[in-house]
Amino acid sequence: MTEIAPAPSPPDWRDDIFAALKAAEIRQVGYVPDAGHTRLIEHCQADPAIRAVGLTSEEEGIGLAAGAWLGGQRAALLMQSSGVGNCINMLSLAKSCRFPLILLVTMRGEWGEFNPWRVPMGTRTQAALELMDVLVYRVERAEEAGETVAAALDIAFNGGLVTAVLLSQRLIGAKRWVK
Amino acid sequence: MRDNDPRLDRRAAIRSLLEGRGDMLLVTGLGSTTYDAASVGDDERNFYLWGAMGAAAMIGLGLALARPERRILVVTGDGEMLMGLGALATIGVERPPNLALVVFDNGHYGETGMQRSHTDAGVSLCGVARACGIEAVFDIADPATLKEFAARLQDFNRTIFARVAIRAEESPRVLPSRDGVHLKNRFRRALGVE
């Protein structure tokens, strides 16, 4: 008798990102929830080797990641593009002390955005990060997500730099609004 | 009036907290609490903030989660804590048993000209901490209670929040290194992770 295995779920770029975080031995993940990060957050919460820490605001994560590194652990932060604006002054902590840091940012306010209030920060996310000397990578296609995050993790932790991977709204899918 | 001010002297308070610190790790908030810690003597297990206002408690959280076998003490000021008030909610959820947060509360922004802070207008940091789910909360206003509290820091197993009422007066500045990379690297070396 052969047990029929459940059909494998189709590969997902969020799973590839999670695999990259695991390969880089990320042990703390700070996040402010975003729909685009849901699956990744669930992976992190389910992994006993990762402490997933919900934040009230994104800048808390910069301190969390610095503390993790002081204690010998690696952290990653998940946020939406609107949250990048909340981080700007706090990035001076990472820069002044050369803390390695990686921000995984789901984009709003670009492809197919319904809500105009998301647009001002969404269209300035990359420029704002670059003003603070953050190395920015963009992912437009699902198959690039895992390798781009792996590359950003490498340069963050080997180079003591701050990197951000912007996951485009076209990749995530524009938020569906039901009236 | 100052002679009758019952609140604590900040330098005596920090000495009391760090006396017999053992292997406890220390994070201080920018401004006066960084000078306070340095006044007791520089230590490679001190991580002083010179900026990043509002980050002290969260750095303590990340450190506490990374090193569950070590005790972590964060000492910061009321203004610094008020800027990162959300951190109390986050810490109230995570509740690491090895983290103690101590706020030196003089009700003023000492670094910028002694403007009044929200605590001087009645905001209770102990009330906020308790409402955020931190169970061990202490409001300390005299040397005997502080001494008792300092003894508690030598062995604790739940998240602690304490507000220490200190006098609003400036103490002589004792400036530790401002080189963040140096402070980070020596801290990690002291922990054997660099």
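All values reported here derive from a predicted model rather than from experimental measurement.

Asks: Hey, could you run me through the overall build of chain B in this one?
Replies: Summing up its helical and strand segments, chain B has eight helices and eight strands in all. The C-alpha radius of gyration of chain B comes to 15 Å, within 12% of the 16 Å expected for a compact globule of 194 residues. Within chain B, the proportion of its 194 residues that are buried is 58%. Sequence-distant contacts in chain B: of pairs separated by 6 or more residues, those separated by 24 or more amount to 75%. Put simply, chain B shows about 8000 Å² of open surface, and 48% of that area lies on carbon and sulfur atoms. When the 24 basic and 25 acidic side-chain charges of chain B are each reduced to a single mean position, those positions are 2 Å apart.

Asks: What exactly am I supposed to notice about the interface of chain B and chain A here?
Replies: When the parts come together, some accessible area is lost, and that loss is often what is quoted as the size of the interface. With 26 residues of chain B at the interface, the matching set in chain A holds 24 residues. Here chain B packs against chain A, burying approximately 2000 Å² in sum over the two surfaces, 64% of which is carbon and sulfur. On inspection of chain B and its partner chain A, the count reaches one salt bridge. The closest approach of N and O atoms between E94 of chain B and R51 of chain A, which form a salt bridge, is 2.9 Å. Where chain B meets chain A, there are eight residue pairs in polar contact (both at pLDDT 80 or more). Those elements giving two or more residues to the side of chain B that touches chain A turn out to be α3 (56-66), α5 (86-94) and α8 (180-191) of chain B.

Asks: Would you mind showing me how to read the packing of aromatic side chains here?
Replies: The description of an aromatic ring pair rests on the distance of the ring centres and on the angle between the ring planes. If you walk through the whole model with that rule in mind, you get five aromatic pairs over all chains. The interplanar angle of 80° and the centroid separation of 6.4 Å between the aromatic rings of F47 of chain B and F187 of chain B together place this pair among those described as edge-to-face. Here F47 of chain B, found in strand β2 (residues 46-48), pairs with F187 of chain B, found in helix α8; they are 140 residues apart in sequence, far enough to count as distant. What makes F47 of chain B buried here is its relative accessible area of 1%. Three or more aromatic residues link up through ring pairs in this structure, and these residues are F99 of chain A together with F47 and F187 of chain B. One cation-aromatic arrangement involves R178 of chain B over W50 of chain B; the distance from NZ or CZ to the ring centre is 5.7 Å. Geometry around W69 of chain A places R188 of chain B over its ring, the cationic atom sitting 3.8 Å from the centre.

Asks: Quick question: what am I supposed to make of the environment of L61 of chain B here?
Replies: By the element assignment, L61 of chain B lies in helix α3. Relative accessible area serves as the criterion here: at 0%, L61 of chain B is assigned to the buried category. Residues L61 of chain B and N98 of chain B lie 37 residues apart in sequence; the distance between their C-alpha atoms is 9.3 Å. If near-sequence neighbours (up to four positions away) are discounted, L61 of chain B is found in contact with V53 and L64 of chain A together with T90, I91, E94, P96 and L99 of chain B.

Asks: Before we go on, may I ask you to explain unusual backbone geometry in this structure?
Replies: Note: most residues except glycine have negative phi, and most peptide bonds are trans. Residue and element names in this part refer to chain B. The phi angle at A52 is positive, at roughly 55°, despite the residue not being glycine. Note that A52 resides in the loop between β2 and α3. Its identity is not glycine, yet M114 carries a phi of approximately 60°, on the positive side. If you trace the backbone, M114 turns up in the loop between β5 (108-109) and β6 (115-116).

Asks: I keep staring at the packing of helix α1 (residues 13-23) of chain A against helix α2 (residues 38-46) of chain A and nothing clicks. Help me out?
Replies: Helix-helix packing is characterised by the crossing angle of the two axes and by the distance between the axes. Residue and element names in this part refer to chain A. With their axes 9 Å apart at the nearest point, α1 and α2 run at an angle of 40° to one another. Viewed along their axes, α1 and α2 adopt a mutual orientation that is oblique. Classified by chirality, the crossing of α2 by α1 is right-handed. Only R39, L40, H43 and C44 of α2 make contact with α1, whose side of the interface consists of R14, D15, I17, F18 and L21.

Asks: Is there a simple way to think about the side chain of T163 of chain A in this case?
Replies: Residues and elements named next belong to chain A. By the secondary structure assignment, T163 is in strand β6 (residues 162-167). Taking relative accessible area as the criterion, T163 reaches 0% and is therefore assigned buried. Polar side-chain contacts of T163 include one of 3.3 Å to the backbone oxygen of A152. Ignoring sequence-local partners within four residues, the contact set of T163 consists of L101, I102, L103, V134, L135, Y137, A152, I155 and A156.

Reading the values: rules and limits
Along each chain, numbering runs from 1 in the same order as the chain's sequence is written. All chains are assigned letters beginning at A, and all ligands numbers beginning at 1, according to the order in which they are written. For this predicted model, a pLDDT threshold of at least 70 governs which residues receive local features, and a threshold of 80 or more governs which side-chain atom pairs are given and counted, while totals over whole chains, interfaces and linings are taken from all residues. Side-chain measures were taken over the full set of non-hydrogen atoms in the model, leaving aside hydrogen atoms and water. Helix and strand definitions follow DSSP, with helices as H or I runs of at least four residues and strands as E runs of at least two, each counted in order from the N terminus. Each radius of gyration reported is based on C-alpha atoms, and the globular scaling rule is 2.2 Å times the count of residues to the power 0.38. Burial here depends on accessible area, computed with a 1.4 Å probe over protein chains only, as a share of the maximum for the residue type. Under 20% is buried, over 50% is exposed, and the range in between is partly exposed. Every residue pair with non-hydrogen atoms within 4.5 Å of one another is taken to be in contact. The Shrake-Rupley method, run with a 1.4 Å probe, gives the accessible areas here. Residue values count only the displayed protein chains as cover. Positive charges are assigned to Lys and Arg, negative charges to Asp and Glu, while His and the chain termini are left out of the count. By convention, charge coordinates are those of NZ in Lys, CZ in Arg, CG in Asp, or CD in Glu. Summed over both partners, the accessible area (1.4 Å probe) lost when two parts come together is defined as the buried area. For this document, the term salt bridge refers to a Lys or Arg side-chain nitrogen within 4 Å of an Asp or Glu carboxyl oxygen. Polar contacts, as used here, are pairs of N or O atoms within 3.5 Å; protein pairs need one atom able to donate a hydrogen and one able to accept it. Residues neighboring in sequence count only if both atoms are side-chain atoms. Two aromatic rings, drawn from Phe, Tyr or Trp (for Trp, its six-membered ring), form a pair once their centres lie within 6.5 Å of each other, and the interplanar angle then sorts them: stacked below 30 degrees, edge-to-face above 60, tilted otherwise. Only lysine NZ and arginine CZ atoms are considered, and such an atom sits over a ring when it is within 6 Å of the ring centre and within 35 degrees of the ring normal. Inter-axis angles, ranging from 0 to 180 degrees, are taken between N-to-C directions of lines fitted to C-alpha atoms, where helices are fitted over the stretch in contact. Convention used here: angles under 35 degrees read as roughly parallel, angles over 145 as roughly antiparallel, angles from 65 to 115 as roughly perpendicular, and any remaining angle as oblique. It is the rotation of the near helix from the far one that decides the hand of a crossing: anticlockwise by less than a right angle makes it left-handed, clockwise makes it right-handed.

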